[in-house]
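Each chain, letter by letter, is given below.
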Amino acid sequence: MDPSMDTWDLSSPLISLWINRFYIYLGFAVSISLWICVQIVIKTQGRNLQEKSVPKAAQDLMTNGYVSLQEKDVFVSGVKIFYGSQTGTAKGFATVLAEAVTSLDLPVAIINLKEYDPDDHLIEEVTSKNVCVFLVATYTDGLPTESAEWFCKWLEEAAIDFRFGKTYLKGMRYAVFGLGNSAYASHFNKVGKNVDKWLWMLGAHRVMSRGEGDCDVVKSKHGSIEADFRAWKTKFISQLQALQKGERKKSCGGHCKKGKCESHQRGSEEREEGSHEQDELHHRDTEEEEPFESSSEEEFGGKDHQSLNSIVDVEDLGKIMDHVKKEKREKEQREEKSGLFRNMGRNEDGEIRAMITPALREALTKQGYQLIGSHSGVKLCRWTKSMLRGRGGCYKHTFYGIESHRCMETTPSLACANKCVFCWRHHTNPVGTEWRWKMDQPEMILKEAIENHQNMIKQFKGVPGVKAERFEEGMTVKHCALSLVGEPIMYPEINRFLKLLHQCKISSFLVTNAQFPAEIRNLEPVTQLYVSVDASTKDSLKKIDRPLFKDFWRRFLDSLKALAVKQQRTVYRLTLVKAWNVDELQAYAQLVSLGNPDFIEVKGVTYCGESSASSLTMAHVPWHEEVVQFVCELVDLIPDYEIACEHEHSNCLLIAHKKFKIGGEWWTWIDYNRFQELIQEYEDSSGSKTFSAKDYMARTPHWALFGANERGFDPKDTRHQRKNKSKAISGC
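Here the structure is a predicted model, which means the values were calculated and not measured. (Residues numbered from 1 in each chain as written. Predicted model: local features only at pLDDT ≥ 70, side-chain atom pairs only at ≥ 80, totals over all residues. Heavy atoms only, no water.)

1. Details of the overall build of the chain
Right, so step 1: Helix and strand counts for the chain stand at 23 helices and 24 strands.
Right, so step 2: Considering only intrachain contacts with a sequence separation of at least 6, the fraction spanning at least 24 residues in the chain is 75%.
Right, so step 3: Here the chain displays about 37500 Å² of accessible surface, and carbon together with sulfur accounts for 52% of that area. (Helix = DSSP H or I, 4+ residues; strand = E, 2+ residues; numbered from the N terminus. Contact = heavy atoms within 4.5 Å. Areas by Shrake-Rupley, 256 points an atom, 1.4 Å probe, with all protein chains shown as cover.)

2. Some thoughts on a nonpolar patch on the surface
Right, so step 1: Taken together, the side chains of Ile-24, Tyr-25, Phe-28, Ile-32, Trp-35, Ile-36 and Ile-40 define a hydrophobic patch exposed on the protein surface, amounting to about 760 Å² of accessible area.
Right, so step 2: Take Phe-28: it is sitting in helix H2 (residues 21–53). (Patch = residues over 30% accessible without salt bridge, like charges linked within 9 Å, V, L, I, M, F, W, Y side chains within 5 Å. Salt bridge = Lys/Arg side-chain N within 4 Å of Asp/Glu carboxyl O.)

3. Some details on the sheet that holds strand S19 (residues 641–647)
Right, so step 1: Taken in spatial order, the 10 strands of this open sheet run S11-S12-S13-S14-S15-S16-S17-S18-S20-S19, and their pairing is mixed. Two strands bound the open sheet, and with one partner strand each, they are strand S11 (370–372) and S19. Strand-to-strand twist in this sheet, taken as the mean axis angle between neighbours without regard to direction, amounts to 25°.
Right, so step 2: Relative to strand S15 (residues 507–512), helix H17 (residues 494–503) is tilted by about 150°, and along the sheet it contacts strand S14 (479–482) and S15. (Pairing = 2+ DSSP bridges. Axes fitted to C-alpha atoms, helices over the stretch in contact; angles between N-to-C directions.)

4. Observations concerning the side chain of Thr-410
Right, so step 1: Inspection of the secondary structure puts Thr-410 in strand S13 (residues 407–411).
Right, so step 2: There is a polar contact of 2.6 Å between the side chain of Thr-410 and the backbone oxygen of Gly-377.
Right, so step 3: When near neighbours in sequence (up to four residues on either side) are disregarded, Thr-410 contacts Gly-377, Val-378, Ala-449, Cys-480, Ala-481, Leu-482, Ser-483 and Leu-484. (Polar contact = N/O pair within 3.5 Å; in protein donor to acceptor, adjacent residues only side chain to side chain.)

5. Description of the nonpolar core
Right, so step 1: Phe-134, Leu-169, Val-195 and Leu-199 are the most contacted members of the largest nonpolar core, which has 116 residues in total.
Right, so step 2: It is helix H5 (residues 149–160) that contributes the most residues to this core, seven residues altogether.
Right, so step 3: When residues are assigned to domains, this core turns out to be shared by domain 1 (76–243) and domain 2 (369–702), each giving three or more.
Right, so step 4: Not counting the four nearest positions on each side in its chain, Leu-199 is found in contact with Phe-134, Leu-155, Leu-169, Met-172, Tyr-174, Val-176 and Ala-204. (Core = buried A, V, L, I, M, F, W, Y, C linked by side-chain atoms within 4.5 Å. Buried < 20%, exposed > 50% of the residue type's maximum accessible area, 1.4 Å probe, protein only. Domains from an automatic or database assignment.)

6. Thoughts on the pairing of strand S20 (residues 652–657)
The side chains of a regular strand alternate, residue by residue, between the two faces of the sheet.
Right, so step 1: In terms of residue burial, S20 counts as a mostly covered element, since six of its six residues are buried.
Right, so step 2: The alternating pattern of S20 places Cys-652, Leu-654 and Ala-656 on one face and Leu-653, Ile-655 and His-657 on the opposite face, and all of these are buried.
Right, so step 3: Pairing analysis gives five bridges linking strand S18 (residues 599–604) to S20, with the strands arranged antiparallel. What sits directly across from Phe-599, in S20, is Ala-656.
Right, so step 4: For S19 and S20, the ladder comprises six bridges, and the chain directions are antiparallel. When the sheet's bridge partners are listed, Cys-645 is paired in S20 with Leu-654.
Right, so step 5: The antiparallel hairpin formed by S19 and S20 contains four residues in its connecting segment, where Asn-651 sits at a positive phi of about 55°.

7. So, the pattern of salt bridges
Right, so step 1: Inspection of the entire model under this criterion finds 29 salt bridges.
Right, so step 2: Here Asp-117 ties to Arg-389 by a salt bridge, and the two come within 2.2 Å at their closest N and O atoms. Residue Asp-117 is found in the loop between strand S4 (108–112) and helix H4 (118–121), and its partner Arg-389 is found in the loop between helix H13 (382–388) and helix H14 (395–400); the two are separated by 272 residues along the sequence.
Right, so step 3: Between Arg-711 and Glu-648 there is a salt bridge; the shortest N-O distance is 3.8 Å. On the criterion of sequence distance, the pair formed by Arg-711 in the segment after strand S24 (697–698) and Glu-648 in the loop between S19 and S20 is long-range, its members being 63 residues apart.
Right, so step 4: The partly exposed category is assigned to Glu-648, whose relative accessible area is 26%.

8. Notes on the environment of Ala-481
Right, so step 1: Among the structural elements, Ala-481 can be located in strand S14.
Right, so step 2: Taking the relative accessible area as the measure of exposure, Ala-481 reaches 4% and is therefore buried.
Right, so step 3: Measuring from C-alpha to C-alpha, the distance between Ala-481 and Gln-528 comes to 9.7 Å, with 47 residues separating the pair along the chain.
Right, so step 4: Dropping the residues within four chain positions of it, Ala-481 is found in contact with Cys-407, Met-408, Glu-409, Thr-410 and Phe-509.

9. Here's the deal with the packing of helix H3 (residues 89–102) against helix H7 (residues 225–244)
Right, so step 1: Between H3 and H7, the least distance of the axes is 11 Å, while the angle of their chain directions is 30°. The angle between H3 and H7 places the two elements in the roughly parallel class. As for the relative orientation of H3 and H7, their crossing is right-handed in sense. Within the contact between the two elements, H3 uses Phe-93, Val-96, Leu-97, Ala-100 and Val-101 and H7 uses Ile-225, Glu-226, Phe-229, Trp-232, Lys-233, Phe-236, Ile-237 and Leu-240.
Right, so step 2: Within the contact of H3 with H7, the residues separate by chemical class into 11 nonpolar, no polar and two charged. (Parallel < 35°, antiparallel > 145°, perpendicular 65-115°, else oblique. Left-handed = near helix turned anticlockwise from the far one by under 90°. Nonpolar A, V, L, I, M, F, W, Y, C, P; charged D, E, K, R; others polar.)

10. Describing unusual backbone geometry
Right, so step 1: We note that Lys-129 has phi near 65°; this positive angle belongs to a residue other than glycine.
Right, so step 2: On the secondary structure map, Lys-129 appears in the loop between H4 and strand S5 (130–137).

11. Some points on the confidence of the model for the chain
Right, so step 1: In the predicted model, the chain carries a mean pLDDT of 80, and 76% of its residues have values of at least 70.
Right, so step 2: In this model, residues 1–8 is a region of pLDDT below 50 whose contacts with residues beyond four sequence positions or in other chains number two contacts.
Right, so step 3: Within the model, pLDDT remains below 50 along residues 725–732, and this stretch shows 23 contacts once partners closer than five positions in the same chain are excluded. (pLDDT = per-residue confidence, 0-100.)

12. So, helix H19 (residues 538–545)
Residues separated by three or four positions in an α-helix point in the same direction, a consequence of the helix having 3.6 residues per turn.
Right, so step 1: For H19, every residue scored as buried is listed here: Ser-540, Leu-541, Ile-544 and Asp-545. Taken down its axis, H19 places every buried residue within 105° of arc, on the same side. The exposed set on the far side of H19, more than 90 degrees from its buried face, consists of Asp-539 and Lys-542.
Right, so step 2: Phi for Arg-546, located one or two positions after H19, is positive at around 45°. (Arc of directions from axis to C-beta.)

13. Topic: H5
Right, so step 1: Here H5 contains 12 residues, and its C-alpha end-to-end distance of 17 Å stays within 8% of the 16 Å for a straight helix at 1.5 Å per residue.
Right, so step 2: By the burial criterion, the buried members of H5 are Trp-150, Phe-151, Cys-152, Lys-153, Trp-154, Leu-155, Ala-158 and Ala-159.
Right, so step 3: The inward-facing, buried residues of H5 abut H4, S5 and helix H6 (190–201). (Expected span 1.5 Å × (residues − 1).)

14. Topic: the packing of aromatic side chains
Right, so step 1: The full count for this structure, using the stated rule, is 26 aromatic pairs.
Right, so step 2: The interplanar angle of 70° and the centroid separation of 6.3 Å between the aromatic rings of Phe-93 and Phe-177 together place this pair among those described as edge-to-face. Of the two residues, Phe-93 is situated in helix H3 and Phe-177 in strand S6 (residues 173–180); the sequence distance between them amounts to 84 residues. For the pair Phe-93 and Phe-177, a shared accessibility class is recorded, and that class is buried.
Right, so step 3: Ring geometry for Trp-669 versus Trp-703: centroids 6.2 Å apart, planes at 80°, classification edge-to-face. With Trp-669 in strand S23 (residues 669–670) and Trp-703 in the segment after S24, the pair connects residues that are 34 residues apart, well separated along the chain. Both residues of the pair, Trp-669 and Trp-703, count as buried.
Right, so step 4: Three or more aromatic residues joined by ring pairs make a cluster, and in this case those are Phe-93, Phe-177, Phe-229, Trp-232 and Phe-236.
Right, so step 5: Across the ring face of Phe-549, the terminal group of Arg-555 is positioned such that the distance to the ring centre comes to 3.8 Å. (Phe/Tyr/Trp six-rings, centres within 6.5 Å; stacked < 30°, edge-to-face > 60°. Lys NZ or Arg CZ within 6 Å of the ring centre and 35° of its normal.)

15. A closer look at the environment of Gln-441
Right, so step 1: Checked against the element boundaries, Gln-441 lands in the loop between S13 and helix H15 (442–458).
Right, so step 2: Once the C-alpha coordinates of Gln-441 and Glu-493 are considered, the two residues, 52 residues apart in sequence, prove to be 7.7 Å apart.
Right, so step 3: Setting aside its immediate chain neighbours within four residues, Gln-441 contacts Tyr-491 and Arg-496.

Structure representation (structure tokens):
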């Protein structure tokens, strides 16, 4: 046999393997992949079985042959107990509760609400994983105790302030126990109910239903207020233990929305805290007790009306339709009758009507107004509060030197002739084109306005952060901003009111909506007169201001012409609304030449929250950079003006006439003492000795100028920004 053939026969299998090596590699790869998949499935199933059989907090993870202990999840990091007490009962309950919490090996802190600043620290509870307990007593006439007064006032205002929003305290967990006496049925545990409601409105999560202690041993559920607290404390400790384990018990006090609540279901649901956040708001109505209660009659319109979902007998259908038609006829007759009296400005008894109706009084009181007489009001500006605490003043402080903590914001007329889309009060105030209501005397309005303003300032005595010297200064009103809701120039005695202000050495800043040109011409001198220029064309003005006058555009232009002949300081106030009035630069320039104002304030619109009365959304609010760009482009079209000042915090800039730039320095501030001297000379001369805007101007400080590093914030104060401010909301 040929030796070469023997060699070939022996090597032929190896050659075959070499030729088919690709398929061999592929087979090995597929086999290994299948083996890995099988191992993964086996380990996954084993892990799932382990998780079901062993508590999650005690599971061990097997990784690469090594055993590593999982870090224990912390669902509750501690408990903070806040108390507001007058006689010491709530403080004693706080001590007892703290001892019970300590037995669970949880850190606990007892905090007197008098020493607590919610503006600085309450937001910290959103991410702290603490459970906050509020033990609050109701004192005389349903008011909070002195120690809890500031906290309750701050919380109430935050709950209705659109700047905070419905998710401001989202993530915070709380429980409330109120102390009261059912002998005073009209305001039994009112403070506890309010604190519970306001926290809920701000997005905080209630871990259990509110407890109510009753000092009346006869009506107390457990025989005494101490027993009421012990019963509530037991439930709270049980709930706290469940929260420690990551469980989420649901409890209900029986006053849930429409009487429906899933909390009547037994057992507890084990969920990780992180998974709660995504669906928290979606389940708030069903998982938490609502702070609002309603009867079946209130919800369904009365006991005589059958539900739309109920079964109606055909024989009764005719009776129901007759009843509905009868009600409709009666309603139309009532509206016709009331409309007749409304046009006459009188009520059904033939008397002149008061502007403030009971419904309007309730709505404005909830918004923080102190109402005066039958048509006036006063309110504490948030910048007044800010400057009392050394946290900066409003843009008028930056532009004109107003001391914000000494400024009273008021109006002698809550009525208005416009229904602006950005109205801060969502049109809760009355509207009209002429005065047709009862009229109060200006002396009474001013006296009560100052008294109410001072009473609101007094509430800040002892509040954390309030500067003593500014508190004392704030008790003396130095400036009056007639720029609250409504149209102050509608008040028939507006000139007498202005004179009274000046006699009290109070400067006057009056804002009008440019619909009353005759009244503007007849107006006595004011420190500074504003006209709102919310749009520059007829169509956009109608869309934004929604005026009641049919000849609104003629009135608007006549008002600007009337402004041009005023000798004292005049201002155009432009409010920018994206997609509505920011592209009308040339038209704005023409309006400037018509009224020739001393100053032009340009600010971004303030979003006031959702309202059926307005279609305004956050998409309409311009960024500060967009406002700056608009102002720069507008100044290019009006050669007699330049950008003078900026207040970034209010998203606002000031354009000033060049006559206020002397020697290269701006003089936009006001010499208020000099103004009072000039107005006194004017009055003494019966109006013959006039004066102009340049006669009482003052030099503008460097920090207030446009382009300064401070961006309009007074360096004497400390700027404060909320820690969870995720989006910039313009406004002042």
